[in-house]
Amino acid sequence: VQLQASGGGLVQAGASLRLSCAASGAPIRRYSVGWFRQAPGKEREFVAAIKSSSGSTYYADFVEGRFTIAKDNAKNTVYLQMSGLKPEDTAVYSCAGSSSLITSSIRDPRQYYCWGQGTQVTVSS
């Protein structure tokens, strides 16, 4: 499967954005999909994930209820709806997929083997 992230942009603090992760080459329903982000000079960090088998969702602590991950199998796309954006959310956001992910590893980027090109999110204060 190939993944393509889009939807980033420049917004003010408090605004909302919806990121999309479009899949091609295979049905996205077969894959667990995660969103990760990387800010300049920082390590890549887990943001959110949705499990293929159960549809269960997982979030990083810093999300604090502001983001929602969802999958639309008909559109072969996973979304990350972000609201209440803060300047510290500024980063390149990437989506990744795996068909063999176990729940205990869902936050580990090394467990994903399909990565899409990232999309820049910049939040101004």
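Located above this text is the structure these notes cover.
Let us look at the structure shown here.

Let us look at the overall build of the protein chain. In terms of regular secondary structure, the protein chain is built from 0 helices and 11 strands. Each helix and strand of the protein chain, placed in order from N terminus to C terminus, yields the pattern β-β-β-β-β-β-β-β-β-β-β. The principal-axis extent of the C-alpha atoms belonging to the protein chain is close to 40 × 30 × 25 Å. Taken over 125 residues, the protein chain has a buried fraction of 44%. Summing over all exposed atoms, the protein chain offers an accessible surface of approximately 6200 Å²; the carbon and sulfur share of this is 45%. For the protein chain, the centre of its 13 positive side-chain charges and the centre of its 8 negative side-chain charges are spaced 9 Å apart.

The strand order across the open sheet built from 4 strands is S1-S3-S8-S7, with neighbouring strands paired in antiparallel fashion. Two strands close off the open sheet at either side, each with one partner strand: strand S1 (2–6) and strand S7 (67–72). Sheet twist, expressed as the mean angle between neighbouring strand axes with direction ignored, is 15°. Examined bridge by bridge, strand S3 (residues 17–24) and strand S8 (residues 77–82) share 6 bridges and lie antiparallel to one another. Directly across from alanine 22, in S8, lies its bridge partner threonine 77.

In a disulfide, the sulfur atoms of two cysteines are covalently bonded to one another. According to the stated counting rule, one finds 1 disulfide in the structure shown. At a sulfur-sulfur separation of 2.2 Å, the disulfide partner of cysteine 21 is cysteine 95. One quick way to see it: the torsion about the S-S bond of cysteine 21 and cysteine 95 is about 80°, and its sign makes the bridge right-handed. With a gap of 74 residues between them, cysteine 21 in strand S3 and cysteine 95 in strand S9 (residues 91–98) connect regions that are remote in the sequence. Judged on exposure class, the residue cysteine 21 and its partner cysteine 95 are both buried. Between cysteine 114, a cysteine without a disulfide, and cysteine 21, which holds the nearest cysteine sulfur, the sulfur-to-sulfur distance is 9.8 Å.

The phi torsion at glutamate 64 lies on the positive side, around 50°, for a residue other than glycine. Within the element layout of this structure, glutamate 64 appears in the loop between strand S6 (57–59) and S7. Taking the relative accessible area as the measure of exposure, glutamate 64 reaches 58% and is therefore exposed. The phi dihedral of asparagine 76 falls on the positive side, at around 55°, and the residue is not glycine.

Across the two faces of S1 the burial differs, with Leu3 and Ala5 buried and Gln2, Gln4 and Ser6 not buried at all. Inspection of the sheet shows S1 paired to S3 by 5 bridges, in the antiparallel sense. In the sheet register, serine 6 faces S3, and the bridge partner there is serine 20.

What follows is about the pairing of strand S5 (residues 45–50). For S5, the tally of buried residues reaches 5 of 6 residues, placing the bulk of the element in the interior. Taking the residues that link successive antiparallel strands as the turn, the strand S4 (residues 32–38)-S5 hairpin has 6 residues, and the phi of glycine 41 there is positive, at about 80°. Alignment of S5 against S6, held across 3 bridges, turns out to be antiparallel. Each residue of the ladder has a partner; that of alanine 48, found in S6, is tyrosine 59.

What counts, and where the lines are drawn
Residues numbered from 1 in each chain as written. Predicted model: local features only at pLDDT ≥ 70, side-chain atom pairs only at ≥ 80, totals over all residues. Heavy atoms only, no water. Helix = DSSP H or I, 4+ residues; strand = E, 2+ residues; numbered from the N terminus. Buried < 20%, exposed > 50% of the residue type's maximum accessible area, 1.4 Å probe, protein only. Areas by Shrake-Rupley, 256 points an atom, 1.4 Å probe, with all protein chains shown as cover. Lys, Arg positive; Asp, Glu negative; His and termini not counted. Charge placed at Lys NZ, Arg CZ, Asp CG, Glu CD. Pairing = 2+ DSSP bridges. Axes fitted to C-alpha atoms, helices over the stretch in contact; angles between N-to-C directions. Disulfide = S-S within 2.5 Å.

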